[in-house]
Amino acid sequence: MESFFIDVLLFLWKNCFTNFSTVVPLGMPLNSPDRLLGRLDSEDASNLVLNGETTVLISREQNGDLSPVTSGRRDVVSRSLSGAKSFCDDEMDLEDGKVEKDRVKTLRCYRPIKLHNQALLSGLAYCISSCSMILVNKFVLSGYDFNAGISLMVYQNLVSVLVVSILRIFGVISTEPLTWKLVKVWFPVNVIFVGMLITSMFSLKYINVAMVTVLKNVTNVITALGETYLFMKHHDKKVWTALFLMIISAFSGGITDLSFHAIGYIWQTLNCFLTASYSLTLRRVMDTAKQVTKSGKLNEFSMVLLNNTLSLPLGLLLIFVFNEVDYLYKTPLLKMPMFWLVTTSSGFLGLAISFTSMWFLHQTGATTYSLVGSLNKIPLSIAGILLFKVPTSLENSLSILFGLLAGVFFAKAKLRERSQS
């Protein structure tokens, strides 16, 4: 198992970071997909919250993360491999696939280095990094039986802050300076962000990966309801049908789950509400945050640095509140070099989701990005069941498959809704 994660880490280092630098010129400003979030619980490929299930960069997808729920707006950059071409940013919300052309900005022309099969490589790197983030977290929490999820979250965020800061110092990326005004605007969002990551860690410890993936679909339902009542946004019948199918799959999956754990399901329910709240709140705060920055914009790396930096003091406080200090002092895991290697790799995977999601989006488009994100949950669920030897039944397997297909149907319905609007 440990060699599997080491191989994944080496693959990502060779294919994600090195290839990404040849696609995006140094110092080029980008407003790109959020991280889930994620982590979140990449949590979610297509619902990347700019944590990977982050952010997720859900996204610590947390994200991402990332189902077609995202943490906020993204600027989609069109590109050409045949020559120089000016770029225009159309703000995109990958949660609903809708391109909002209320703000068009022209970026400087540049000529990228031509590589063969960039779309395939970027898609493969994106899928591997988003899947690996959840699998590595599950391995740390369940495989090592590590009972300090908040400490793991703080360490992963610390790794992200250090890596982004180093890249900024060497001019690989550009970020907005963290001013007091920006911190005050962003702090309420960050509180939800920290809650989202912590509940994701706690739920993943008790629930198998496949069921976590299916249960996260409930986030889409909550977000859609929030959009309807808060933003007066209307969805067509196919979208609501897909959401209804997601609810059925979540209930049927929970009833037939042979490894059902009530505490895990409670944490996952809280995570769905916090993830949806993060997505909806981010939309309101985003425009205000851009107004208090020097450049008038807030790219994805700035959000990664901002979210993860602000999460550190709050996370340290929660470590003492949940009394994880005593556990950290007594556990022998902190004396194992392999444990540190795996946990450090999880921090790099969170950033890998951010890099590869942008790379993949630039090489393909919103439609391919969203659909691949939904389809990516299928091999993730299978891998979670096989790697961690999850006891299952035919009924539970069918419920999981039903939920995954409902997610794909939801992504297609949202894309269809976008094309008609």
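In what follows, the structure referred to is the one given above.
Residues numbered from 1 in each chain as written. Predicted model: local features only at pLDDT ≥ 70, side-chain atom pairs only at ≥ 80, totals over all residues. Heavy atoms only, no water.

### Here we look at helix α3 (residues 149-169)
Taking 1.5 Å of rise per residue, 21 residues should cover 30 Å, and α3 covers 30 Å from first to last C-alpha, within 8% of that figure. Just downstream of α3, Gly 171 is the residue with a positive phi angle, here 80°. (Helix = DSSP H or I, 4+ residues; strand = E, 2+ residues; numbered from the N terminus. Expected span 1.5 Å × (residues − 1).)

### Observations regarding the pattern of salt bridges
Scanning the model with the defined rule gives 3 salt bridges in all. A salt bridge links Lys 205 to Asp 145; the nearest nitrogen and oxygen atoms lie 3.1 Å apart. Placement of Lys 205 in helix α4 (residues 180-206) and of Asp 145 in the loop between α2 (118-143) and α3 is noted, with a sequence separation of 60 residues between them. Overall, Lys 205 belongs to the buried group, its relative accessible area being 18%. Looking at Asp 145, the relative accessible area reads 43%, which means it is partly exposed. (Salt bridge = Lys/Arg side-chain N within 4 Å of Asp/Glu carboxyl O. Buried < 20%, exposed > 50% of the residue type's maximum accessible area, 1.4 Å probe, protein only.)

### A look at the packing of α3 against α4
A pair of packed helices is captured by two measures, namely the crossing angle of their axes and the spacing between those axes. The contact between α3 and α4 brings their axes to 9 Å, and the two run at 125°. The angle between the axes of α3 and α4 places the two elements in the oblique class. For the crossing formed where α3 meets α4, the hand is right-handed. Here α3 contributes Gly 149, Ile 150, Leu 152, Met 153, Gln 156 and Asn 157 to the contact with α4, which in turn contributes Phe 193, Val 194, Leu 197, Ile 198, Met 201 and Phe 202. (Axes fitted to C-alpha atoms, helices over the stretch in contact; angles between N-to-C directions. Parallel < 35°, antiparallel > 145°, perpendicular 65-115°, else oblique. Left-handed = near helix turned anticlockwise from the far one by under 90°. Contact = heavy atoms within 4.5 Å.)

### Section: the packing of aromatic side chains
Tallied over the entire structure, the rule returns 12 aromatic pairs. On the numbers, 5.2 Å between centres and 85° between planes, the contact of Tyr 144 with Phe 339 is edge-to-face. A residue pair is termed long-range when its members are at least 10 positions apart, and Tyr 144 in the loop between α2 and α3 and Phe 339 in helix α11 (residues 337-363) qualify at 195 residues. A relative accessible area of 2% places Phe 339 in the buried class. Each ring, one from Phe 260 and one from Tyr 265, has its centre 4.5 Å from the other, and the planes form 35°; the classification is tilted. Taken together through their ring pairs, the aromatic side chains of Phe 139, Tyr 144, Phe 146, Tyr 155, Tyr 327, Phe 339 and Trp 340 make up a single cluster. (Phe/Tyr/Trp six-rings, centres within 6.5 Å; stacked < 30°, edge-to-face > 60°.)

### What to know about unusual backbone geometry
For Met 232, which is not glycine, the phi torsion reads 55° and is therefore positive. Here Met 232 is to be found in the loop between α6 (217-230) and α7 (237-255). Phi is positive for Lys 389, which is not a glycine, with a value near 50°. With respect to the helices and strands, the residue Lys 389 is situated in the loop between α13 (377-387) and α14 (394-420). For Lys 389, a relative accessible area of 74% puts it in the exposed group.

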